[in-house]
Amino acid sequence: MSEPLVSIAMPFYNSAETIGASIRSILHQSFTDWELLLCDDGSADASSQVARSFGDPRIVVWGDRRRLELGARLNECIARARGLYVARMDADDIAYPRRMEKQVQYLEEHPEVDLAGGWAVLFDGAGAPLGKRTDPAAHRDIARWPLYSFKLIHPTFIAKTEWFRRYWYNADAIRCEDHDLLFRACENSRFANMPEIVLGYRQGAINLRKRLRSRWMWSRCACQYLGGGGRLKVAAVELLKGARDVAAVAARADAAWLRARASALTTDELREWRQVWASVS
């Protein structure tokens, strides 16, 4: 089998209800020169059976029944990747049909960019759109506040495989794998966002336990790279964000808060999302 241009890294865990639609969104890509790397992170449901039910030889599925978390499994995908590029994808999100085509073209036309992302429609479990996330295009704006947030959506990442192998993921940075990677790579890399929607990004109600754990893990991880002043800033910011999360959940306003953070979709964008959702449902 010839080497693909793009290796799509999609680890999964207990995703039986969503992974089928995610895989179909890859099968519907206008760009066909890809391999889809599906690493089972110790699922206890039928995720693996669903993943193996597709008969396309470009789909590679493996697992060892262990739960190692996302960073470790992404590193497995990167190590196995045969493509010039690695693209990220989550097992509960939906790629737009021209996502790979457009992102590969973008990187080829902008060789100064190391890592590219894109915009996303935010949607709930039933496919209802909540709005869109439109992050800035330029590196200086994406990385303006690296201690607090990089304006890049993890499952829209695409970069050359050699870039991922230069930095890898930190397997100990659980639930903040992307932020840790960007923080370490930022000084010697250039990031960008394509200013158009390439992904449907699933947004459920806030899982407070997971959200607070993510904030704690990032605070702990950031302390490895920062001095005393930086550590205090990160801790204070994450504490304030955690308090906001608790207040939103306590007031049962988390769904409204998620919508408030999103931009409104245009009529054309709404129509396109409905077409994309119908094609994979």
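Residues numbered from 1 in each chain as written. Predicted model: local features only at pLDDT ≥ 70, side-chain atom pairs only at ≥ 80, totals over all residues. Heavy atoms only, no water.

> It is not clear to me how the overall build of the protein should be interpreted in this structure. Could you clarify?
In terms of regular secondary structure, the protein is built from eleven helices and nine strands. What you see for the protein is a C-alpha radius of gyration of 18 Å, in line with the 19 Å of a compact globule of 281 residues. Counting only residues that meet the buried cut, the protein has 51% of its 281 residues in that class. Sequence-distant contacts, at least 24 apart, represent 78% of the contacts inside the protein between residues at least 6 apart. A total of about 13200 Å² of accessible surface is found on the protein, and carbon and sulfur atoms cover 51% of it. (Helix = DSSP H or I, 4+ residues; strand = E, 2+ residues; numbered from the N terminus. Rg over C-alpha atoms; globule rule 2.2 N^0.38 Å. Buried < 20%, exposed > 50% of the residue type's maximum accessible area, 1.4 Å probe, protein only. Contact = heavy atoms within 4.5 Å. Areas by Shrake-Rupley, 256 points an atom, 1.4 Å probe, with all protein chains shown as cover.)

> Looking at this model, I keep getting lost on the packing of aromatic side chains. Mind explaining?
When we look at a pair of aromatic rings, we describe it by the centre distance and by the angle of the planes. Applying the stated rule across the entire model yields eight aromatic pairs. Ring geometry for Phe150 against Phe191: centres 6.2 Å apart, planes inclined by 75°, an arrangement best described as edge-to-face. Here Phe150, found in the loop between helix H5 (139–142) and strand S8 (158–160), pairs with Phe191, found in strand S9 (residues 191–202); they are 41 residues apart in sequence, far enough to count as distant. Judged by its relative accessible area of 5%, Phe150 falls in the buried class. Plain terms: the ring middles of Trp163 and Phe164 are 5.2 Å apart, the flat faces sit at 80° to each other, and that makes the pair edge-to-face. Here Trp163 falls in the buried class, since its relative accessible area comes to 2%. Looking at Phe164, the relative accessible area reads 1%, which means it is buried. Each member of the aromatic cluster is reached from another via a ring pair, and the members are Tyr96, Phe123, Trp273 and Trp277. Note that Arg58 overlies the ring of Trp34, its terminal NZ or CZ placed 3.9 Å from the centroid. We note Arg67 situated over the ring of Tyr13; from NZ or CZ to the ring centre the distance is 3.6 Å. (Phe/Tyr/Trp six-rings, centres within 6.5 Å; stacked < 30°, edge-to-face > 60°. Lys NZ or Arg CZ within 6 Å of the ring centre and 35° of its normal.)

> I tried to follow helix H3 (residues 70–80) on my own but got confused; where do I start?
Owing to its 3.6 residues per turn, the α-helix brings residues three or four apart onto one side. Every buried residue of H3 is listed here: Gly71, Ala72, Arg73, Leu74, Asn75, Cys77 and Ile78. Turning to H3, the residues buried within the fold contact strand S1 (6–9), strand S2 (34–40), strand S3 (59–63), strand S4 (85–88), helix H6 (161–167) and helix H7 (177–185).

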